[in-house]
Amino acid sequence: MQPDIRKIVTYDEEVLIEGFRSADPPWRMFGVAAVVRNPWAGRYVEDLKPEIQAYGPVLGQLLTERMIALAGSRDAIEAYGKAAVVGLDGEIEHASGLIHTLRFGNCFREAVGAKSYLAFTNTRGPACAPIMVPLMDKNDAGRRSHYLTLQFSIPDAPRADEVVVVLGAATGGRPHHRIGDRYQDLKDLGHDLDNPAAV
């Protein structure tokens, strides 16, 4: 069982000026999306596991290889995330199923030597729906400079019976980061770093 991939879309942006000041080095975010036929579209399926287990490694490996090629190296990637948008004949569960499996996410995580979990979105929409990929530092979930969102769309996807599966990344954080990191907030609030919710 293999995913039926209609096309692969690459998005790449390089910001040279941010906040009326030069971005040095340029701020770069990019993503790769696979437009896949939804094997569960238009019907209720109780057991999603066979397709999840079959599709996850294939999509994870394919998208990861392209992401590292875009970055130039695994070490160039500092922030990362994932997303899926299911077409209108599918469930949010279908979008979730294809990206919330270690068989998918671990391909990217291990390839870039990351420690953090992959930030994510899973949504439903028509063709040209916004694809929002939240990013965060691959090794430090509290590093706010790398709280980013990659946004793009594909004019003809997802079709009603498709899912768009996406990986996103950035080679750095916001160029003029100045809001601090969550650790200072925790310190100011008197919270323990190991118990940030103080529960």
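Details of the structure are given in the entry above.
This write-up is about the structure you can find in this document. Nothing here was measured: the structure is a model prediction, and the numbers come from that model.

### Details of unusual backbone geometry
Cis geometry is found at the peptide bond from D24 to P25, where omega equals 5°. Mapped onto the secondary structure, P25 falls in strand 2 (residues 21-37). Of note, the bond from A157 into P158 is cis; its omega dihedral lies within 30 degrees of zero at 5°. Secondary-structure assignment places P158 in the loop between strand 6 (148-152) and strand 7 (162-170). The backbone of F20 sits at a positive phi, close to 70°, despite the residue not being glycine. By relative accessible area, which is 85% here, F20 ends up exposed. Of note in the backbone geometry, C128 takes a positive phi value of approximately 70° without being a glycine. Classification of C128 by relative accessible area gives partly exposed; the value is 40%.

### With respect to the packing of helix 1 (residues 49-71) against helix 3 (residues 102-111)
The interhelical angle for the contact between helix 1 and helix 3, taken along N-to-C directions, is 30°, at an axis separation of 7 Å. Classified by the angle their axes make, helix 1 and helix 3 are roughly parallel. With respect to the hand of their crossing, helix 1 and helix 3 are arranged in right-handed fashion. When helix 1 is examined against helix 3, the residues Q53, G56, P57, L59, G60, Q61, L63, T64, M67 and I68 are found in contact with a partner set consisting of R103, F104, C107, F108 and A111. For the contact of helix 1 with helix 3, the class distribution of residues is 9 nonpolar, 5 polar and 1 charged.

Reading guide: rules and limits
- Residues numbered from 1 in each chain as written.
- Predicted model: local features only at pLDDT ≥ 70, side-chain atom pairs only at ≥ 80, totals over all residues.
- Heavy atoms only, no water.
- Helix = DSSP H or I, 4+ residues; strand = E, 2+ residues; numbered from the N terminus.
- Buried < 20%, exposed > 50% of the residue type's maximum accessible area, 1.4 Å probe, protein only.
- Axes fitted to C-alpha atoms, helices over the stretch in contact; angles between N-to-C directions.
- Parallel < 35°, antiparallel > 145°, perpendicular 65-115°, else oblique.
- Left-handed = near helix turned anticlockwise from the far one by under 90°.
- Contact = heavy atoms within 4.5 Å.
- Nonpolar A, V, L, I, M, F, W, Y, C, P; charged D, E, K, R; others polar.

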